[in-house]
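# Geometric and topological summary
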Amino acid sequence: MYTHTCIIVYPPPPPPSQTSQKSMAVGSEVSSEVVKYNGQITSFVVLSCMVAATGGIIFGYDIGISGGVTSMEPFLKKFFPEVYNKMKKDTKISNYCTFDSQLLTSFTSSLYVAGLVATFFASPVTRAFGRRPSILIGGAAFLAGAALGGAAYNIYMLIIGRVLLGVGVGFANQSVPLYLSEMAPSHYRGAFNMCFQLCVGIGVLAANLLNYGTEKIKGGWGWRISLAMAAVPALILTLGTLFLPETPNSLIQHNNNPDKAKQMLQKIRGTNNIQAEFNDLAAANEASKHIKHPFKNILKRKYRPQLVMAVLIPFFQQVTGINVISFYAPVLFRTIGFGESASLMSAIVTGLVGLCMTFLSLLIVDKLGRRTIFTIGGVQMFVSQMLIGAIMAAKLGDHGGLSKGYGYLVLVLICCYVAGFGLSWGPLGWLIPSEIFPLEIRSAGQSVTVAVGFLFTFVVAQMFLMMLCRLRSGTFLFFGGWVFVMTVFVYWFLPETKNVPIETMDRVWKQHWYWKRYVNEEDDAEISSGHNRI
């Protein structure tokens, strides 16, 4: 056993204002004081988080599989004959417009509408019954959707299956990141939470590998295997959740006996000396008891910083353009002139690159900090997208394809872009929202994050093929512009949360050059109101 050090951030001293000049310059530097939480990384908490993180595999698998099957000719011929005929028979249609079909994009994006609705049902379940039941519901719904998709014989069965998959992803995405953040030692919370995005990457890669194999099956039924195999990670998650422990945060919130939460905290930290952490947990729980309507309370002025992040971070994550690369990578590679098998192999390469970079991010996030990684990844994505857009504008016309050399150059640049996302916005887009909310509104906050993510995933997925047809190479310049905006936003408005215990996170906002005006004013008003009542 060892003792690790956590940074707890305390409110700033009163004026003079000169004390905050450094923080105003960069928006993140705050005064800090060292407090020690006892504990270690135990095999119990590692195993529990590994099981829960498979919720990321079902999400990643679906992202990867939908893009692959929509590039398979037998699948298109059966369910989307209009697209198939354009691809095979219409020699005059532009490269950029071959796959422009609202029905095709509805197949891809129907999951995200269902997920958006489901996450608001997941929030009260998570708050009232705990994180574990929500994860279980998510796994079971995804299992049913996988079975229906694999057996589909018409478009209605196919889309109903997608809706069930969406319900599963909605519940899992709402509860799994919370579970990981609450179970992890605060000093390693970033690494533990990033296991979710790592599993998303594993799911995407597994789906791409499977698509590459099933596309070669003679008889044209390989797509059924691709869709049905989603049941494997869903079954692992569903059965594994039956044996998962609840988080101490959830136990103290739902149980009248705080000793159970204390015993669980001792078990996952591997020591009996957890009083300091337990005291913070108990204090957060007392504050949460006064909140009866979390979705109403989240609108209060003092929660404005967290609410802004809960909306903008998932919005920015989607307008990086990553999911359209993941959904439509095989389609995109066919657009620039790759064959069917080459397109699927290229998607495997990009998936592998993203997975490796997420693993690297997991290793360094608690050392370098969130903001530094956001900046590195943002610059990398911006440069890559500008170059992709420029090459396609100069070298890819409405007919024919890119030369072999330029085709591979675009593939390399897409890999650079995916690497930047895998390092930064991929894992951090899930980590930041799951760690910034106080216990009393944490479930509601995570639901807002997931819902916004699903909403803009749906919007971008619906629009991408149309944008590719209308804007052509300008599509990449569009997403690149958003990457520039979000990188600047993070630099100025996101405080560093590295090593800050989850139940004392409110203090980083009280120190931030901009957000402190919201948090401190509200606290002063509540104190004044309390004095007046006395």
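Please refer to the structure higher up on the page.
Read on for a plain summary of the structure. (Residues numbered from 1 in each chain as written. Predicted model: local features only at pLDDT ≥ 70, side-chain atom pairs only at ≥ 80, totals over all residues. Heavy atoms only, no water.)

### Some remarks on the pattern of salt bridges
If the charged atoms of two oppositely charged side chains come close together, the side chains can form a pair. Enumeration according to the criterion identifies nine salt bridges in this entry. The closest approach of N and O atoms between glutamate 182 and arginine 442, which form a salt bridge, is 2.9 Å. In this pair, glutamate 182 is assigned in helix α7 (residues 155-183) and arginine 442 in helix α21 (residues 442-471), connecting sequence segments 260 residues apart. Taken as a pair, glutamate 182 and arginine 442 share a single burial class, namely buried. Note that lysine 510 is salt-bridged to aspartate 506, the shortest N-O span being 3.5 Å. (Salt bridge = Lys/Arg side-chain N within 4 Å of Asp/Glu carboxyl O. Helix = DSSP H or I, 4+ residues; strand = E, 2+ residues; numbered from the N terminus. Buried < 20%, exposed > 50% of the residue type's maximum accessible area, 1.4 Å probe, protein only.)

### Examining the packing of helix α2 (residues 43-69) against α7
For the pair α2 and α7, interaxial distance at closest approach is 9 Å and the crossing angle is 145 degrees. Where α2 crosses over α7, the handedness of that crossing is left-handed. In contact with Val45, Ser48, Cys49, Ala52, Ala53, Gly55, Ile58, Phe59, Asp62 and Ser66 of α2, α7 contributes Arg162, Leu165, Gly168, Val169, Ala172, Asn173, Val176, Tyr179, Leu180 and Met183. Each residue belonging to the contact of α2 with α7 can be placed in one class, and the counts come to 13 nonpolar, five polar and two charged. (Axes fitted to C-alpha atoms, helices over the stretch in contact; angles between N-to-C directions. Left-handed = near helix turned anticlockwise from the far one by under 90°. Contact = heavy atoms within 4.5 Å. Nonpolar A, V, L, I, M, F, W, Y, C, P; charged D, E, K, R; others polar.)

### So, a nonpolar patch on the surface
Taken together, the side chains of Phe484, Val485, Val488, Tyr491 and Trp492 present a nonpolar region at the surface, about 430 Å² in accessible area. Mapping tyrosine 491 onto the fold places it in helix α22 (residues 474-493). The exposure class assigned to tyrosine 491 is partly exposed, which follows from its relative accessible area of 34%. (Patch = residues over 30% accessible without salt bridge, like charges linked within 9 Å, V, L, I, M, F, W, Y side chains within 5 Å. Areas by Shrake-Rupley, 256 points an atom, 1.4 Å probe, with all protein chains shown as cover.)

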